[in-house]
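# Chain and residue survey
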Amino acid sequence: MMPSITFSYFDAMSSEDLLNLLRRYARAAKKDDSACKSLSFHQDQVATSLGFNNWSMLHKHLSAALWNETHKLLMLAIKKPGLGDFIDTHAYRTIDEDETTTRMKQWARAKYTPLIEFAFYDSESETGFSWPDVDMVTELGEEFAGKVPQDLIEKVGYELERDGPWGLEEYGD
């Protein structure tokens, strides 16, 4: 049995994950507040520190934000005293390596097929098959980035590629 892995996912944090971290920070601030101000007050404080009028505007922005906008806001939040330390402490995920490996392999097998199972042999191509192959490390990386550590993505991708090249089996109309 493989152990659990804990990793930082700063580089691929989703807008939903960032919003949840900011919400957790506001809750922690409320808990530590001796003046007993409301949660909405602390959420507005977080939003204001990041350049928004209130929590609602921050929430609306992150709900529609693309990755680069989310990452830019995360980098701004990390620079804020208190908030940056909170994010640095809490922006980690723990996963079960066995379960995650199985899930990634199932995803790959559901979407891709080893070329040997459907493509014709072609001695003139790089892969030896008449069908283009895909890089499993790249494909797994696009699907699982930020959810799984990069070294585990690479490990699973290379394991899959040991069985030969993989491809996207498409059928014409």
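Refer to the structure printed above.
Structural notes, computed from the coordinates. All values derive from a computational prediction rather than experimental measurement.

The next subject is the nonpolar core. Core analysis: the largest hydrophobic core is formed by 21 residues, its most contacted members being Leu22, Leu50, Leu58, Leu62 and Ile87. The set of elements that each furnish at least two residues to this core consists of helix H1 (15–32), helix H2 (39–49), helix H3 (55–64), helix H4 (67–78) and helix H5 (83–90). With near-sequence residues (within four places) excluded, Leu62 lies in contact with Ser15, Leu18, Leu19, Leu22, Thr70 and Leu73. Residues Tyr112, Val134, Leu140 and Phe144 belong to the second largest nonpolar core, which totals 15 residues.

To continue, consider the environment of Phe52. Here Phe52 shows up in the loop between H2 and H3. Ignoring sequence-local partners within four residues, the contact set of Phe52 consists of Ala47, Met57, Leu58, His61 and Leu73.

Turning to the packing of aromatic side chains, a few remarks are in order. Tallying each qualifying case throughout the model produces 4 aromatic pairs. When the centroid spacing of 5.6 Å and the interplanar angle of 80 degrees are considered together, the rings of Phe118 and Trp131 count as edge-to-face. Of this pair, Phe118 sits in the loop between strand E3 (113–114) and helix H7 (136–144) while Trp131 sits in the loop between E3 and H7, placing them 13 residues apart in sequence. You can call Trp131 partly exposed: its relative accessible area is 31%.

Moving on to H3. Among all positions of H3, only Trp55, Leu58 and Leu62 are buried. Buried residues in H3, looked at end-on, bunch into an arc of 60 degrees, giving them a common side. Residues of H3 that are exposed and point over 90 degrees away from its buried face: Lys60, Ser63 and Ala64. As for H3, its buried residues are in contact with H1, H2 and H4.

This paragraph deals with the side chain of Thr101. As for its position among the elements, Thr101 is in helix H6 (residues 97–111). Thr101 sits in the buried class, given a relative accessible area of 10%. Not counting residues up to four positions away in its chain, the partners in contact with Thr101 are Leu152 and Val156.

Quick look at H5 now. Because each turn of an α-helix spans 3.6 residues, side chains separated by three or four positions in sequence point in the same direction. Residues of H5 that are buried include every one of Leu83, Gly84, Phe86 and Ile87, and no others. Axial view of H5: buried residues confined to an arc of 160 degrees, hence all on one face. Those residues of H5 that are exposed and angled more than 90 degrees off the buried face are Asp85 and Thr89.

Although it is not a glycine, Cys36 sits at a positive phi angle of roughly 55 degrees. As for its placement among the helices and strands, Cys36 is situated in the loop between H1 and H2.

Criteria and cut-off values
As a convention, each chain's residues are numbered from 1 in the sequence order in which they are written. Given that the model is predicted, a residue must reach a pLDDT of at least 70 before its local features are reported, and side-chain atom pairs must reach 80 or more before they are shown or counted; all residues, however, enter totals for whole chains, interfaces and linings. Heavy atoms throughout the structure, all of them, feed into the side-chain values; hydrogens and water do not. Residue types Ala, Val, Leu, Ile, Met, Phe, Trp, Tyr and Cys, when buried and joined through side-chain atoms within 4.5 Å, form a set referred to as a nonpolar core. Whether a residue is buried, partly exposed or exposed follows from its accessible area with a 1.4 Å probe, protein chains only, as a fraction of its type maximum: under 20%, in between, or over 50%, in that order. Under the DSSP-based scheme used, a helix requires at least four consecutive residues in state H or I and a strand at least two consecutive residues in state E, with every element numbered from the N terminus. It only takes one pair of heavy atoms within 4.5 Å for two residues to be counted as in contact. Within 6.5 Å between ring centres, the rings of Phe, Tyr and Trp (the latter by its six-membered ring) count as paired, and their orientation is classed by plane angle as stacked under 30 degrees, edge-to-face over 60, tilted in between. Regarding the arc, it is the one traced by the directions from the helix axis to the C-beta atoms.

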